[in-house]
Structures are given as structure tokens and as C-alpha cells.
Amino acid sequence: PELTVAPCRLARQFQPPPPHLPSYRAMLLGEPGVGKSTLARIFGGVEDDYDADFAVEDYYQRSVVVDGEETTLALLEFCGQAGEEWLDDELAHAGDAYIIVYSIAERASFERAAEMRIQVRKARQADDVPIILVGNKSDLVRSREVSVDEGRACAAVFDCKFIETSAALQHNVRELYHGVVRQLRLRRRRGDL
Ligand code: GDP
């Protein structure tokens, strides 16, 4: 596979969050076409009632209230093709958490997601970074190629959280981001971040 780490401008344009709030960065990874931009736009408030602070390209930052506590979450989208060595050092350290997305209607994207998890784990061995495996496009019932059980089992092997979403129907998208914040808080409370 080719090495094409496309310019992830967003990660480099990161704006400092408000100092009074705990803040985290989550990075979206996954094959092209699995729905990363759509998931990010929902988070950014472009497509629902969320009120985004601002949006630059594929990068969104906003405050979210989860379990009664406010946090700033920045969402970075990795815009490159995934080759063998796609995860350069900068990208591997750009996220406090990694959201790895595949399409339940495309088995190849599921397999690629597995490779991505391996690479993230390898690059971040020391700090046990939270990884959330996301099976998107759950609305495509008739063209499903990856079962819920497979997704769940795969996540369990790698000690990831797992959720199926439909960005198209905005199903489980809020749950996904809230889950990310909860994971990050857990790690921070344990003193890992
Ligand atoms: P990205 O390349 O990973 O950023 O994927 P995009 O967000 O650009 O989405 C690729 C295509 O899949 C677009 O046509 C989206 O409208 C569509 N798409 C994204 N999420 C869903 C979903 O949950 N269900 C369905 N049916 N289509 C989706």
C-alpha cells in the first residue's frame, strides 16, 4: 500500500481550548467513504442542534456536557489514505483518543480498521490510549457485510469500546461522543493522561 499521509491541516491548526475547561482531542480514522466527515459534521453542529464553537475544515471543537460536567472536545479528522506506514509520529500523538470507523456495509473497511487499531496500539504502547471502534452506516440493513457480533468481538480482542452508528439517521452519534468523553475522563482520573 502507498504511503500517503495527507496534510492533516486540522491537527496542525489546533486552537487552544478555553483554559477553564478540561479538554481532549479525539482523532477520527478510517477508510475513505466510511462516514468520518459526516460523523464530524454532526458533532460540529453543522447538521443538528449542536452549537459548535467553530469549525475549520474537518476539525471541530466544542464544549459538551456529559454526566453533568462540561468538557471541551476537539475532533480531528485524519484525511489521508491508510498505507502501511500511514501513522506518522505526529499523528500518532495528535489524539488523546482514537475513533476508528468502518462501514458495516463494507468488509474491507472493517479489515482496514483492524490494521489501524494495531498501528495505533503499537505507536502508543506506553499510554494505553482509548480506542473506540465504530461500525457506521447501521441503517444499510440490506447490504450489511459485518455483523454486530463480529464488530463487538473484534473490539473485545483489542480492548476497545464498540458502538454502531448511523450518521445518516443520526443514530447513536451523540452516544459515541459522550462515550469518548467518558473514556477520556476515566483515563485522566487514573492519572494516565
Ligand atoms: P469519509 O470519507 O469517511 O469522510 O466519509 P463521508 O462522511 O464523506 O461519507 C461518505 C458517503 O457515505 C457519503 O455519501 C455519506 O453521505 C455516506 N454516509 C455517511 N454516513 C452514512 C450512514 O450512516 N449511512 C449511510 N447510508 N450513508 C452514510
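Residues numbered from 1 in each chain as written. Predicted model: local features only at pLDDT ≥ 70, side-chain atom pairs only at ≥ 80, totals over all residues. Heavy atoms only, no water.

This part takes up the overall build of the protein chain. Along the backbone of the protein chain there are 6 helices and 7 strands. Ordering the α and β elements of the protein chain from the N terminus gives α-β-α-β-β-β-α-β-α-β-α-β-α. Taken over 193 residues, the protein chain has a buried fraction of 48%. Here the analysis covers contacts within the protein chain between residues at least 6 apart in sequence; of these, 74% occur between residues at least 24 apart. In the form shown here, the protein chain has an accessible surface area of approximately 9,000 Å², with 49% of it arising from carbon and sulfur atoms. (Helix = DSSP H or I, 4+ residues; strand = E, 2+ residues; numbered from the N terminus. Buried < 20%, exposed > 50% of the residue type's maximum accessible area, 1.4 Å probe, protein only. Contact = heavy atoms within 4.5 Å. Areas by Shrake-Rupley, 256 points an atom, 1.4 Å probe, with all protein chains shown as cover.)

Moving on, we get to the environment of E111. Structurally, the position occupied by E111 is in helix α4 (residues 107-123). For E111, a relative accessible area of 44% translates into the label partly exposed. Between the C-alpha atoms of E111 and L75, which are 36 residues apart in sequence, the distance is 23 Å.

Now for the site of the ligand. Neighbouring the ligand are 16 residues, the closest being G33, K36, S37, T38 and D139. Between the ligand and the protein, one listed contact pairs an oxygen atom with a side-chain N or O atom of K137 at 3.1 Å. Within the contact set of the ligand, a nitrogen atom lies 2.7 Å away from a side-chain nitrogen or oxygen of D139. Considering the ligand on its own, with 570 Å² of exposed area, one finds that the protein chains cover 67% of that surface. Looking at the shell around the ligand residue by residue, the class counts come to 5 nonpolar, 6 polar and 5 charged. (Near = heavy atom within 4 Å. Polar contact = N/O pair within 3.5 Å; in protein donor to acceptor, adjacent residues only side chain to side chain. Nonpolar A, V, L, I, M, F, W, Y, C, P; charged D, E, K, R; others polar.)

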